[in-house]
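Here are the chains, one letter per residue:
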Amino acid sequence: QLQLVESGGGLVQPGGSLRLSCAASGFTGNYYTSGWFRQAPGKEREGVSCISSADGNTYYADSVKGRFTISRDNAKNIMYLQMNSLKPEDTGVYYCAADRLHYYCSGFDPGYWGQGTQVTVSS
């Protein structure tokens, strides 16, 4: 199966930046729509960003537009989430995820998940 491992989380002050990484392995010969979710304490898991396998189009939740950027380094099999101008409400566990069946973010239904990395935004 595809394996995903997140890293880069930590504690940052409001207004600061973090870059999350998602390293993928075991997917040789396959193509995936992939993206990021997050879950704050007491809240449901929320889709944050997605990048399509078909055309590379990206999706961002309204709450992070203009602050977060999703990208991929195909040579290294790594997906990134650059997070700028962080707010306390961005706090939560961030998960990377991949979908081998759906090619567009509108139908994103991931079957593969990472273990999550904690992001805490606090002064």
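Residues numbered from 1 in each chain as written. Predicted model: local features only at pLDDT ≥ 70, side-chain atom pairs only at ≥ 80, totals over all residues. Heavy atoms only, no water.

Enquirer: Even after reading the chapter, I still don't get the overall build of the protein, so can you show me in this structure?
Expert: Across its full length, the protein carries 0 helices and 11 strands. Listed by position from the N terminus, the elements making up the protein come as β-β-β-β-β-β-β-β-β-β-β. Relative to the 2.2 N^0.38 estimate, which gives 14 Å for 123 residues, the radius of gyration of the protein is 14 Å and therefore close to what a compact globule would have. Oriented by its inertia axes, the alpha-carbon framework of the protein measures out at about 45 × 25 × 25 Å. Within the protein, residue pairs in contact and separated by at least 24 positions form 59% of the contacts whose partners lie at least 6 positions apart. Charged side chains of the protein number 10 positive and 10 negative; the gap between the two group centres comes to 4 Å. (Helix = DSSP H or I, 4+ residues; strand = E, 2+ residues; numbered from the N terminus. Rg over C-alpha atoms; globule rule 2.2 N^0.38 Å. Contact = heavy atoms within 4.5 Å. Lys, Arg positive; Asp, Glu negative; His and termini not counted. Charge placed at Lys NZ, Arg CZ, Asp CG, Glu CD.)

Enquirer: Where do I start with the pairing of strand E4 (residues 33-39) in this structure?
Expert: It is a general feature of regular strands that their side chains alternate between the two faces of the sheet. Counting buried residues along E4, 6 of its 7 residues qualify, which places the element largely inside the surrounding structure. As judged from the 7 bridges shared by E4 and strand E9 (residues 92-99), these two strands associate in the antiparallel manner. Bridge pairing links Thr 33 to Asp 99 in E9. (Buried < 20%, exposed > 50% of the residue type's maximum accessible area, 1.4 Å probe, protein only. Pairing = 2+ DSSP bridges.)

Enquirer: What is the right way to read the side chain of Ser 21 from this model?
Expert: Relative to the helices and strands, Ser 21 is located in strand E3 (residues 18-25). You can call Ser 21 buried: its relative accessible area is 17%. Setting aside its immediate chain neighbours within four residues, Ser 21 contacts Val 5, Glu 6, Ser 7, Trp 36, Ile 78, Met 79 and Tyr 80.

Enquirer: Help me understand the pattern of salt bridges, please; the structure alone is not making it clear to me.
Expert: Where charged atoms of side chains with opposite charge meet at close range, the side chains can pair. Scanning the model with the defined rule gives 4 salt bridges in all. Between Arg 38 and Asp 90 there is a salt bridge, with the nearest N and O atoms lying 2.9 Å from each other. Of the two residues, Arg 38 is situated in strand E4 and Asp 90 in the loop between strand E8 (78-83) and E9; the sequence distance between them amounts to 52 residues. Since its relative accessible area comes to 7%, Arg 38 is described here as buried. Ionic pairing is found between Arg 67 and Asp 90, a salt bridge with its closest N-O pair at 2.8 Å. (Salt bridge = Lys/Arg side-chain N within 4 Å of Asp/Glu carboxyl O.)

Enquirer: Mind showing me how you'd approach the sheet that holds E8 here?
Expert: In a beta sheet, neighbouring strands pair by backbone hydrogen bonds and run either parallel or antiparallel. Spatially, 4 strands are ordered E1-E3-E8-E7 in an open sheet, and the strand pairing comes out antiparallel. Two strands lie at the open edges of the sheet, namely strand E1 (3-7) and strand E7 (68-73), each paired on one side alone. Here the average twist between neighbouring strands, direction ignored, is 15 degrees. Direction of pairing for E3 relative to E8: antiparallel, over a ladder of 6 bridges. (Axes fitted to C-alpha atoms, helices over the stretch in contact; angles between N-to-C directions.)

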